[in-house]
Amino acid sequence: MTEQKNIKIEDFDYELDNERIAFYPKEVRSTSKLLVYHRGNQQIEDSEFQNLPQFLTPDMMLVFNDSKVIHARLLVHNATGAAVEIFCLEPILPTTELTQALAQTGKVTWKCFVGNAKRWKHPLGFQVDIHGQSITITAVKGEQVENAFLVEFTWDEDVTFAEWVEAYGKMPLPPYIKRTAEKADENRYQTVYAHYDGSVAAPTAGLHFSNELIAQISAQGIDTEYVTLHVGAGTFKPVTASEIGDHFMHDEQIVIRRELIEHLLQNMDKKIVAVGTTVTRSLESIFIIGAKLKLGLPNPLHVEQWEYYENPDIPATQPEKALQAILNYLIDNDLEYVTTSTQLMIVPSYQFKMMKAIITNFHQPKSTLLLLISAYLGDEWRKIYAHAIKNEYRFLSYGDANFYTW
């Protein structure tokens, strides 16, 4: 057992009152507060997110997650009128690859959370209006898998799963936002650069960026790039085990594009700023995938939860060689992109190989996201979070932002 598995989650707790949780976003994206922490002199600076460009320099590269949130929350009713909520988590059949699953017609099976499951005893039917026609969807609850169920959806018309889910479903707000999704959330719980359907939760650090702010950053000569990690609902999964080794890390899909790898290799001298914990996990997982390819390890396109800590040859690999191994893989297989997956858990002692700084939100107590932040900041996260609470920063997905830099 690695020493990281003995980390106690109670050491990553703090008091978060409901009044500090942002249940609604700021109307204007870039007017959120921005806490800047300079690791070099351990100083905290209070600012606004629209001032971010003044803290950036031309030797930086900002990397964004361009995954798009789908309408994963479905509310249907049984024959007696009782409401059943179906939250689509991940595809199972006929494929687990998200892009392909969203393009399926006729029948799919997804792993889903089900609210009021006891009231779901028979197939549920509901109507969706698409392109002027009414389509009947039938949902059948299958076997239970952990705290979720396999749900088979069938329909006759030649429309894709993505089309009818977008037409019928609701924006899946995080469970700690105690309200139903509203029309404004359609825009605000989505980054302005969201492009590839697949997430069931937003990469929330990116919610602060407007198109104008991104244009301003580019005008300063600061490089930008995009990676796609489809965020799963597991990002909100509470850590209930006392030791982190007993927590099962959720699996998320990363699409690695050849142009991204080429761009990173051409700019190895740049200091990468990860926009969010999802980008951090993506970049570090890309490194591990490249290292596994370089080392000839089995199952190289999947990152297991603890293998970075258990195999010293992985962290010993140079990032440039890891990236080159991925590029070679793509070239050898004549691929423009490859879909991979990661269960990487970043905890204290992790040595970051790709990113040098991070823009992120304030995270829940005793969460895997807070563990990731602690891996980067050490115990300084406590001082930062105490400052934020004292100065009335807004927390969690719709809250204010941090920029942790050197």
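Calculation rules
Residues numbered from 1 in each chain as written. Predicted model: local features only at pLDDT ≥ 70, side-chain atom pairs only at ≥ 80, totals over all residues. Heavy atoms only, no water. Phe/Tyr/Trp six-rings, centres within 6.5 Å; stacked < 30°, edge-to-face > 60°. Helix = DSSP H or I, 4+ residues; strand = E, 2+ residues; numbered from the N terminus. Buried < 20%, exposed > 50% of the residue type's maximum accessible area, 1.4 Å probe, protein only. Lys NZ or Arg CZ within 6 Å of the ring centre and 35° of its normal. Axes fitted to C-alpha atoms, helices over the stretch in contact; angles between N-to-C directions. Left-handed = near helix turned anticlockwise from the far one by under 90°. Contact = heavy atoms within 4.5 Å. Nonpolar A, V, L, I, M, F, W, Y, C, P; charged D, E, K, R; others polar. Salt bridge = Lys/Arg side-chain N within 4 Å of Asp/Glu carboxyl O. Pairing = 2+ DSSP bridges. 1 Å grid on protein atoms, 1.4 Å probe; cavity = no way out; pocket = protein on both sides within 12 Å on 5 of 7 lines; lining within 4 Å. Points joined across faces, edges and corners; volume = space filled by probe spheres on them.

Enquirer: So what exactly am I meant to see when it comes to the packing of aromatic side chains here?
Expert: By convention here, two paired aromatic rings are described through the distance between centres and the angle between planes. The full count for this structure, using the stated rule, is 30 aromatic pairs. Between Phe-87 and Phe-113 the ring centres are 6.3 Å apart and the planes differ by 50°, which places this aromatic pair in the tilted class. One end of the pair, Phe-87, is in strand S6 (residues 83–93); the other, Phe-113, is in strand S7 (residues 107–115), and 26 residues separate them in sequence. For the ring pair Phe-362 and Phe-395, a centre distance of 4.6 Å and an interplane angle of 25° mean the geometry is stacked. Remark: Phe-395 occurs in the loop between helix H10 (380–390) and strand S18 (401–405) and Phe-362 occurs in the loop between strand S17 (355–361) and helix H9 (368–377); sequence separation between them is 33 residues. Phe-362 sits in the buried class, given a relative accessible area of 1%. With a relative accessible area of 0%, Phe-395 lands in the buried category. An aromatic cluster of at least three residues, connected via ring pairs, comprises Phe-12, Tyr-14, Phe-362, Trp-381, Tyr-385, Tyr-393 and Phe-395. Across from the ring centre of Phe-149, 5.1 Å away, lies the NZ or CZ of Lys-141, which sits over that ring.

Enquirer: How do you make sense of the packing of helix H5 (residues 258–266) against helix H8 (residues 319–332) when you look at a structure like this?
Expert: The axes of two packed helices give the description: the angle between them and the distance between them. Taken N-terminus to C-terminus, the directions of H5 and H8 make an angle of 145°; their axes are 10 Å apart at the nearest point. Here H5 runs over H8; the crossing is left-handed. Contact residues: H5 offers Arg-258, Ile-261, Glu-262, Leu-264 and Leu-265, while H8 offers Glu-320, Leu-323, Gln-324, Ile-326, Leu-327, Leu-330 and Ile-331. Residues of the contact of H5 with H8, tallied by class, amount to 8 nonpolar, 1 polar and 3 charged.

Enquirer: Help me understand the pattern of salt bridges, please; the structure alone is not making it clear to me.
Expert: Where side chains of opposite charge bring their charged atoms close, a pairing between them can arise. Taken as a whole and judged by the stated rule, the model has 13 salt bridges. Lys-8 is paired through a salt bridge with Glu-243; the nearest N and O atoms lie 3.2 Å apart. In this pair, Lys-8 sits in the segment before strand S1 (33–38) while Glu-243 sits in the loop between strand S12 (223–230) and strand S13 (252–257), placing the two residues 235 residues apart along the sequence. Note on Lys-8: relative accessible area 38%, which makes it partly exposed.

Enquirer: Honestly, the sheet that holds strand S10 (residues 148–154) in this entry has me stumped. Any pointers?
Expert: Two modes of strand pairing occur in sheets, parallel and antiparallel, and in both the strands are linked by backbone hydrogen bonds. The strand order S5-S6-S7-S10-S9-S8 describes an open sheet built from 6 strands, whose pairing is antiparallel. The sheet is open, and its two borders are formed by strand S5 (73–77) and strand S8 (124–130), each paired with just one other strand. The sheet shows a mean angle of 40° between the axes of neighbouring strands, direction not considered. Bridge count for strand S9 (residues 133–145) against S10 is 6 bridges, and the pairing is antiparallel. Its bridge partner lying in S10, Val-145 is registered against Ala-148. Those strands touched by helix H2 (residues 161–168) are S5, S6, S7, S8, S9 and S10, and its axis lies near 90° from that of S8.

Enquirer: What should I look at first to understand the packing of H9 against H10 in this one?
Expert: Relative orientation of the contacting elements H9 and H10 amounts to 115°, with a least axis distance of 8 Å. Where H9 abuts H10, its residues Leu-370, Ile-373, Ser-374 and Leu-377 lie against Glu-380, Trp-381, Ile-384 and Tyr-385. Broken down by class, the residue content of the contact of H9 with H10 amounts to 6 nonpolar, 1 polar and 1 charged.

Enquirer: I keep staring at the pairing of S5 and nothing clicks. Help me out?
Expert: The two faces of the sheet receive side chains in turn, since in a regular strand these alternate between them. Going residue by residue along S5, you find Leu-74 and Val-76 tucked away on one face and Arg-73, Leu-75 and His-77 left uncovered on the opposite face. Alignment of S5 against S6, held across 5 bridges, turns out to be antiparallel. What sits directly across from Val-76, in S6, is Val-84. Following S5, the chain reverses through 5 residues before pairing antiparallel with S6; Gly-81 in that reversal takes a positive phi of roughly 95°.

Enquirer: Just to check I follow, could you spell out the layout of surface pockets for this structure?
Expert: Remark: the empty space left among the atoms is shown by a probe the size of a water molecule rolled over them. Here the largest pocket is characterised by a volume of approximately 950 Å³. Every residue lining the largest pocket is counted, 39 residues in all, and those nearest its centre are Phe-113, Gly-232, Ala-233, Gly-234 and His-250. Of all the elements in the fold, those that place two or more residues in the lining of the largest pocket are S6, S7 and S13. Ranked by the residues each element gives to the lining of the largest pocket, the list is headed by S6, at 5 residues. Grouping the constituent residues of the lining of the largest pocket by class yields 22 nonpolar, 10 polar and 7 charged. Estimates place the volume of the second largest pocket at around 240 Å³. Every residue lining the second largest pocket is counted, 13 residues in all, and those nearest its centre are Arg-73, Glu-85, Arg-179, Thr-180 and Ala-181. Tallied by class, residues from the lining of the second largest pocket come to 7 nonpolar, 1 polar and 5 charged.

Enquirer: Looking at this structure, I do not really get the side chain of Ser-30. What am I missing?
Expert: Within the secondary structure, Ser-30 sits in the segment before S1. If we skip the residues at most four places from it in the chain, Ser-30 touches Phe-49, Gln-50, His-208 and Leu-213.

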